[in-house]
Amino acid sequence: MLARSSSSLRSSRSVLTGKRLLSVNVQNFINGKFEDSKATKWFDVKNPATQEVVCRVPQSTAEELARAEAGAKEAFQTWKEVPIQQRQRIFFKFQALIREHTEELAHSITVEQGKTLPDARGDVFRGLEVVETACNAATGLMGETAENLARGLDTYSYRQPLGVTGGICPFNFPAMIPMWMFSLSTVVGNTMIVKPSERDPGATMILAKLLQQAGLPDGVLQVVHGAHDTVNFICDAPAIRAISFVGGNTAGHYIFDRGTKNGKRVQANLGAKNHATILPDADKEATINAIIGAAFGAAGQRCMALSCVVFVGDTINWLPEIVEKAKALRVGPGLDKTTDVGPLISPEAKARAERLIQEGIEDGGVCLLDGRGISVPGYEQGNFLGPTVISNMSPTNRAYTEEIFAPVLVAFHVNTLEEAIALTNSNPYGNGCAIFTQSGAAARKFQHEIDVGQVGINVPIPVPLPMFSFTGSRGSIRGDVHFYGKQGLQFYTQIKTITSNWDYKPGSSVLSMSMPQLGNSK
């Protein structure tokens, strides 16, 4: 049985897929209290492996959203005055609590989102790493100083919090992405209103309870729920100064445009089509295993999934082995220890992926492995799509131009490294890519000429560790300041520069009506 995560889930619930799950209403977390919503509209959260209703998510009411905004605004006035080392200590406690509750978080993710338990643990761990960097945020907040720019004149700068911030989270990483957002935003002195995905809010609610137990004051983190109405509220609320978003292109462009028109900072991570280039000198076994894991892990529902492979020269002969290994992957519910590929998030996501596969075939693609129509015994209602491989791609094929967000790998064949680089650069997305080779010179050429924000050299999913930033580029981001790392701290802070004159010369003041020439005084 899943342990009680918090008072936000009133009833314990079974995590055994295939058995009836008790439906509960998810609560808001406003001003330090988990409270029932007075919503008139609710969203069912369904186990993707069974279609059983796990819980219901409210469309938080206008009054509830307004109270969250007012509470976050009020809490900021005292939270920003708490010394940074004391804020960090809360996150030291928080990271320890996350470690203690990793299994609970992972079970919640698997039941609501569908990914396998090992993958769900990875979701938690990659978020935990950002929390760990928040424990040392003070060094990233240090400003700059220049002394004696003129006689007795010094200039120095500080990084200060913005105020109230907002976070809009995707379904595919229910723990990691919220921790990307609220950990850095609040540790630097902001408050934050978070909207978890209405498809899988459980992990965020558990994290909110743990952060409260770690000592976070009431109102510093608010969690509200819903769909379009809540998104519009975050974009429009006067108190919210900055918005973080991760998700699809349509929503991301909308949020960026609406938020920035309201004078807010917005960082929006969007879609991707990540390419893997394979050179003939690559380690064959290691490369094939890397491609399989990066293309089909998490059922392809990662913004850094390798959804396109570019075979250079004779490496096209490796494709049948990739197909055979992919065919051997076991599709099933995420809580089954033998499962390699779990379900997609919803029937709509499955139907969209199947439609794009068909369009890819109609556009001239050759389907070497078709995962459509798969049935998992005992889970016939699950949103399952098996690994799919389509070759003979062209740059205009719909299976290539669209982000499918499913366990679908499309394959190109080119003759040279230069062609592979040109193909990758011609794609509008720039989230991530990888090259597999044993040639340092080829790797150096690739990393220098490729126009993609995150590059792996014999690394299939090059998501940077949080001492760096997540640096997707081109069509994969709106905004110019990235998530976590140094840039994350910069996004959630503003610079204040002070110029002070303490030249001690009693009685020497002279009235001047001209523009001060501070650097010209003697």
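Structure: see above.
So, here is what we can say about the structure in this document. Because the structure is predicted, anything quoted here is derived from the model rather than measured.

Focus on the packing of helix H14 (residues 417–426) against helix H15 (residues 440–449)
- With their axes 11 Å apart at the nearest point, H14 and H15 run at an angle of 25° to one another. As the angle between them shows, H14 and H15 are arranged roughly parallel. Regarding H14 and H15, the two cross each other, and that crossing is right-handed. Where H14 abuts H15, its residues Leu417, Glu418, Ile421 and Asn425 lie against Ala442, Lys445, Phe446 and Glu449.
- In terms of residue class, the contact of H14 with H15 is built from four nonpolar, one polar and three charged.

Re the sheet that holds strand S22 (residues 493–501)
- One open sheet accounts for three strands, arranged S5-S6-S22; its pairing is antiparallel. On the outer flanks of this sheet lie strand S5 (145–150) and S22, each paired with one strand and no other. With direction set aside, neighbouring strand axes in the sheet form an average angle of 25°.
- Across nine bridges, strand S6 (residues 153–161) lies against S22 in antiparallel orientation. Bridge pairing links Pro161 to Thr493 in S22.

Re the nonpolar core
- In this structure, Phe94, Ile98 and Phe182 are the most contacted members of the largest nonpolar core, which totals 70 residues.
- Take this core: its biggest share by element is eight residues, from helix H6 (residues 176–187).
- Contacts of Phe94, omitting those with residues within four sequence positions, involve Val131, Phe182, Ser183, Leu207, Leu210, Leu211 and Ala214.
- Residues Ala276, Ile278, Phe296 and Cys433 belong to the second largest nonpolar core, which totals 60 residues.

Some remarks on the pattern of salt bridges
- Scanning all chains against the criterion turns up 21 salt bridges.
- Here Glu324 and Lys327 are joined by a salt bridge, their closest N and O atoms 3.4 Å apart. Here Lys327 and Glu324 lie together in helix H11 (residues 319–327), a separation of three residues that amounts to about one turn.
- Salt-bridge contacts for Arg372 lead to Asp370; the nearest nitrogen and oxygen are separated by 2.7 Å.
- A residue is classified by how much of its surface remains accessible, and Asp370, at 37% relative accessible area, is partly exposed.
- Several salt bridges share partner residues, and in doing so they unite Arg352, Arg355, Glu359, Arg398 and Glu402 into one network.

Rules used throughout
Residues numbered from 1 in each chain as written. Predicted model: local features only at pLDDT ≥ 70, side-chain atom pairs only at ≥ 80, totals over all residues. Heavy atoms only, no water. Axes fitted to C-alpha atoms, helices over the stretch in contact; angles between N-to-C directions. Helix = DSSP H or I, 4+ residues; strand = E, 2+ residues; numbered from the N terminus. Parallel < 35°, antiparallel > 145°, perpendicular 65-115°, else oblique. Left-handed = near helix turned anticlockwise from the far one by under 90°. Contact = heavy atoms within 4.5 Å. Nonpolar A, V, L, I, M, F, W, Y, C, P; charged D, E, K, R; others polar. Pairing = 2+ DSSP bridges. Core = buried A, V, L, I, M, F, W, Y, C linked by side-chain atoms within 4.5 Å. Buried < 20%, exposed > 50% of the residue type's maximum accessible area, 1.4 Å probe, protein only. Salt bridge = Lys/Arg side-chain N within 4 Å of Asp/Glu carboxyl O.

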